[in-house]
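An overview of the molecular structure
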Amino acid sequence: DVKVTQSSRYLVKRTGEKVFLECVQDMDHENMFWYRQDPGLGLRLIYFSYDVKMKEKGDIPEGYSVSREKKERFSLILESASTNQTSMYLCASSLQLSNQPQHFGDGTRLSIL
Amino acid sequence: AQSVAQPEDQVNVAEGNPLTVKCTYSVSGNPYLFWYVQYPNRGLQFLLKYITGDNLVKGSYGFEAEFNKSQTSFHLKKPSALVSDSALYFCAVRDIYSGNTGKLIFGQGTTLQVKP
């Protein structure tokens, strides 16, 4: 089974801090994704990556950056955390075939105080 | 523009009754369609997909979905609902302009409540 592991289930940070969310997948998937999930807004794509060191903006990239130095790891960075970034963050990965599903981690519930 | 619509925020059904969670899509060409389920405080779990072939697709936990090209729909169904099926369900379609990046367009989600 594919396993996508997010480093923290719950995280509390302060406004202005630089926050790192880590995601690791163990199935050699080329594609990786970061979403945020908010009540009433569904899933919104922040960034995705289709190869090492390659990244593309999703629908809501402002205030975020990403890093993919190794194939199995995709990091989401909040450069200067703000309270409106309090949310559930979900990481996913998939094979580089358009007919394959994405596999999700269990999420990180991030609170910015 | 490409989009996925789940017209019902919530669906309520009694245990043992059949359930349907609706999904319609708008995309050019042949769609690749997916259903996911999310239990509280968990990530999304893949249930089933339609790529090509038989319009009735079977997936995990006894769920199935029917692809209807003329109605641009991909409704999720189960013949007999369980209380444990209560969860948030997402329909998604492949972004046809994203090549092999696997990018999906998700619906807003439908909460399924199965009552004993």
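Residues numbered from 1 in each chain as written. Chains lettered and ligands numbered in written order. Predicted model: local features only at pLDDT ≥ 70, side-chain atom pairs only at ≥ 80, totals over all residues. Heavy atoms only, no water.

A look at the overall build of chain B
What counts here: Strands are runs of DSSP state E lasting at least two residues, helices are runs of H or I lasting at least four, and both sets are numbered from the N terminus onward. Each radius of gyration reported is based on C-alpha atoms, and the globular scaling rule is 2.2 Å times the count of residues to the power 0.38. We call a residue buried when its accessible area falls under 20% of the maximum for its residue type, exposed when it is over 50%, and partly exposed in between, using a 1.4 Å probe and counting protein chains only. Each accessible area is a Shrake-Rupley result for a 1.4 Å probe, and residues are judged covered by the shown protein chains and nothing else. Positive charges come from Lys and Arg, negative ones from Asp and Glu, while His and the chain ends are left out of the count. The atoms used to mark charge sites are NZ of Lys, CZ of Arg, CG of Asp and CD of Glu.
For chain B, the count of helices and strands is 0 helices and 12 strands. From first element to last, N terminus to C terminus, chain B shows the α and β order β-β-β-β-β-β-β-β-β-β-β-β. In summary, chain B has a C-alpha radius of gyration of 14 Å against a globular reference of 13 Å for 116 residues, a match within 12%. When its C-alpha atoms are laid out on the principal axes, chain B stretches across 45 × 30 × 25 Å. Here chain B holds 116 residues, and 48% of them are scored as buried. Accessible surface, chain B as shown: approximately 5400 Å² in total, 48% of it carbon and sulfur. Taking the average location of the 10 positive side-chain charges in chain B and that of its 8 negative ones, the two points are 5 Å from each other.

Comments concerning unusual backbone geometry
Positive phi, close to 60°, is recorded for aspartate 28 of chain A, a residue that is not glycine. The class for aspartate 28 of chain A is exposed, based on a relative accessible area of 52%. Backbone geometry places tyrosine 61 of chain B, a non-glycine residue, at a positive phi of 60°. Along the chain, tyrosine 61 of chain B turns up in the loop between β7 (56–58) and β8 (64–68).

Quick word on the interface of chain A and chain B
For clarity, the threshold we go by: Throughout, a residue-residue contact means that at least one pair of heavy atoms, one from each residue, lies within 4.5 Å. By convention, the term buried area covers the 1.4 Å-probe accessible surface removed from two parts as they join, with the contributions of both added. Take a side-chain nitrogen of Lys or Arg and a carboxyl oxygen of Asp or Glu: if they are within 4 Å of each other, that pair is a salt bridge. Residue polarity is assigned by list, with Asp, Glu, Lys and Arg as charged and Ala, Val, Leu, Ile, Met, Phe, Trp, Tyr, Cys and Pro as nonpolar; anything else, Gly included, falls into the polar class.
Between chain A and chain B, the residue contacts involve 27 residues of the former and 22 residues of the latter. For the chain A and chain B pair, buried surface summed over both sides reaches about 2000 Å², with 53% attributable to carbon and sulfur atoms. Counting across the chain A and chain B interface gives 1 salt bridge. For the side of chain A that touches chain B, the elements supplying multiple residues, two or more each, are β4 (31–38), β5 (42–51) and β9 (87–94) of chain A. Among the elements that make up the side of chain A that touches chain B, the one with the highest residue count is β5 of chain A (5 residues). Looking at the side of chain A that touches chain B residue by residue, the classes come out as 13 nonpolar, 11 polar and 3 charged.

A look at the pattern of salt bridges
Proximity of charged atoms lets side chains of opposite charge pair with each other. Taken as a whole and assessed by the stated rule, the structure comprises 11 salt bridges over all chains. Salt-bridge contacts for arginine 44 of chain A lead to aspartate 38 of chain A; the nearest nitrogen and oxygen are separated by 2.8 Å. You can call aspartate 38 of chain A buried: its relative accessible area is 11%. Its salt-bridge partner being lysine 103 of chain B, residue aspartate 95 of chain B comes within 3.6 Å of it at the nearest N-O pair. Judged by relative accessible area, lysine 103 of chain B falls into the buried class, the value being 16%. In the salt-bridge network here, residues are joined through shared partners; they are Arg36, Asp38 and Arg44 of chain A.

Quick notes on the pairing of strand β8 (residues 73–78) of chain A
Residues and elements named next belong to chain A. As a reminder of what qualifies: In short, DSSP must find at least two bridges between two strands for them to pair.
With respect to burial, β8 is a largely interior element, 5 of its 6 residues being buried. The pairing of strand β3 (residues 19–25) with β8 spans 6 bridges and is classified as antiparallel. When the sheet's bridge partners are listed, valine 24 is paired in β8 with arginine 73. Here 5 bridges tie strand β7 (residues 64–70) to β8, and the two strands are oriented antiparallel to one another. Bridging across to β8, lysine 70 finds its partner in arginine 73. Count of turn residues in the β7/β8 antiparallel hairpin: 2 residues.

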